[in-house]
Amino acid sequence: MTIENISQAKVFSGWHKQYQHHSDVLNCQMCFAIFLPPQASDTNPVPVLYWLSGLTCSDENFMQKAAAFRIAAKLGIAIVAPDTSPRGDAVADAADGAYDLGLGAGFYVNATQAPWNKHYHMYSYVVDELPKLVEQHFPVTQVRSISGHSMGGHGALMIGLRNSDKYRSISAFSPITHPINCPWGQKAFSHYLGNDSQAWKEYDSVELLKSRQASVPILVDQGEDDSFLQQQLKPELLLAAAEASQSNIKLRMQPGYDHSYFFIQSFIDDHLRFHANYLKD
């Protein structure tokens, strides 16, 4: 698998780099970004935090807005941020240009319905193809954690719960916790997955916790002034499912904070330190 470097900048003695490559899983060209801390070398590979972004975002949002590089450099953690959907003129998009379906809104599922199933396999891309690519080309180990925001928080929770053997820890900001029970999730799942409710449950963190105990630690931060809190995010349902399954989840409700990257900036150091505790060999 080959990659092409399209930008790079030195930051906190490490490097932020952006690459493009052909994805066999998504059947299109994709971009991803990586931050390599100064400790990373061929003789000293470092662990990786995979970051999944939210609706309308690309690989650039977190890297430019989260202010995560200072602490990641100190802790010796690489960060990889993929795009949020397949891209390109041939990739299906919402007919009405809606922001919550199609381009920028992959929801980290493997679509089964036409026309989405030709390209929209973000679950397999994040879980399998991208890590193999990263581990082939960069001085990183196979030790991973996963985090994300909003739609990406949904992706991080769901992927981490389904693949506990691949991730040491999970965290999320403002995650869509119960997508089968909110407008964003219902719209996306009905298009990508069809009407099979059982298929929907396999991509829903609350439903997953009803059937299994989380075997890795989870940290969730949620702003109390988030305008999407009641209708779309519903963290209380995640907490109830976690308590019922005796899963190790810490939910922190943060007064005054909204859904923005100002919220993420405020607590990203906590999340990176949380993951660093579990990324040690």
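Counting of residues starts from 1 at the beginning of each chain's written sequence and follows it residue by residue. Per-residue local features are limited, in this predicted model, to residues with pLDDT of at least 70; the limit for side-chain atom pairs, both in listing and counting, is 80 or more; totals at the level of whole chains, interfaces and linings are taken over all residues. Derived side-chain values reflect all non-hydrogen atoms in the structure, with water molecules and hydrogen atoms excluded from consideration.

**Brief notes about the overall build of the chain**
Link 1 in the chain: Counting secondary structure elements, the chain contains 10 helices and nine strands.
Link 2 in the chain: Its C-alpha atoms give the chain a radius of gyration of 17 Å, near enough to 19 Å, the size a compact globule of 281 residues would have.
Link 3 in the chain: The principal-axis extents of the C-alpha atoms in the chain amount to approximately 50 × 40 × 35 Å.
Link 4 in the chain: Residues count as neighbours in contact if any of their non-hydrogen atoms are within 4.5 Å of one another. Look at the contacts in the chain between residues 6 or more apart in sequence, and 72% of them connect residues 24 or more apart. Numbering goes from the N terminus for both helices and strands, where a helix is a DSSP run of H or I of at least four residues and a strand is a run of E of at least two. Radius of gyration: over C-alpha atoms. The globule rule applied is 2.2 Å multiplied by the number of residues raised to the 0.38 power.

**Let's talk about the packing of aromatic side chains**
Link 1 in the chain: What counts as a ring pair is set by centres within 6.5 Å for rings of Phe, Tyr and Trp (its six-membered ring), and what kind of pair is set by the plane angle: stacked under 30 degrees, edge-to-face over 60, tilted for all other angles. Enumeration according to the criterion identifies 19 aromatic pairs in this entry.
Link 2 in the chain: Aromatic ring contacts, followed pair by pair, group W51, F62, F173, Y257, F263 and F267 into a single cluster.
Link 3 in the chain: Both a distance and an angle decide whether a charge sits over a ring: NZ of Lys or CZ of Arg must be within 6 Å of the ring centre and within 35 degrees of the ring normal. Positioned over the ring face of W15 is K17, at 5.7 Å from the centre of the ring.
Link 4 in the chain: Geometry around Y203 places R162 over its ring, the cationic atom sitting 4.9 Å from the centre.

**Topic: the sheet that holds strand β6 (residues 140-149)**
Link 1 in the chain: Taken in spatial order, the nine strands line up as β1-β2-β3-β5-β4-β6-β7-β8-β9 in an open sheet, and their pairing is mixed. Where the open sheet ends on each side, the last strands, each with one partner, are β1 (4-11) and β9 (249-254). Between one strand and the next, the sheet's axes are offset by a mean angle of 20°, whatever the strand orientation.
Link 2 in the chain: The pairing of β1 with strand β2 (residues 14-23) spans seven bridges and is antiparallel. Residue pairing for β2: S7 is matched across the bridge by Q18.
Link 3 in the chain: Only the contacting stretch of a helix is used when fitting its axis, a line to C-alpha atoms as for every element, and angles between N-to-C directions run 0 to 180 degrees. Contacts between helix α9 (residues 235-244) and the sheet are confined to β8 (218-223) and β9, with β9 contributing the most and set at about 155° to the helix. At least two bridges found by DSSP between two strands are what make those strands a pair.

**Regarding helix α3 (residues 122-137)**
Link 1 in the chain: Across the chain, bend at a residue is computed as the angle between axes fitted to the seven residues ending at that point and the seven starting from it. Roughly 35° is the biggest bend found in α3, and it falls at E129, with proline P131 one to four residues downstream.
Link 2 in the chain: Of all the residues in α3, the buried ones are M122, Y123, S124, Y125, V126, V127, E129, L130, P131, L133, V134 and E135.
Link 3 in the chain: Along its buried surface, α3 packs onto β2, β3 (28-36), β4 (46-52), β5 (78-82), β6 and α4 (151-162). Categorising residues by exposure relies on relative accessible area from a 1.4 Å probe, with only protein chains included: less than 20% of the type maximum marks a residue as buried, more than 50% marks it as exposed, and the intermediate range marks it as partly exposed.

**Some remarks on the pattern of salt bridges**
Link 1 in the chain: Salt bridges are counted wherever a side-chain nitrogen of Lys or Arg sits within 4 Å of a carboxyl oxygen of Asp or Glu. In the structure shown here, the tally under the stated rule is seven salt bridges.
Link 2 in the chain: Note that D83 and R87 form a salt bridge whose closest N and O atoms lie 2.8 Å from each other.
Link 3 in the chain: Across the pair D270 and R252 runs a salt bridge whose closest N-O atoms are separated by 3.0 Å. In this pair, D270 is assigned in helix α10 (residues 261-279) and R252 in strand β9, connecting sequence segments 18 residues apart.
Link 4 in the chain: Taking relative accessible area as the criterion, D270 reaches 31% and is therefore assigned partly exposed.
Link 5 in the chain: Overlapping salt bridges, with partners in common, bring together D221, R252 and D270 in one network.

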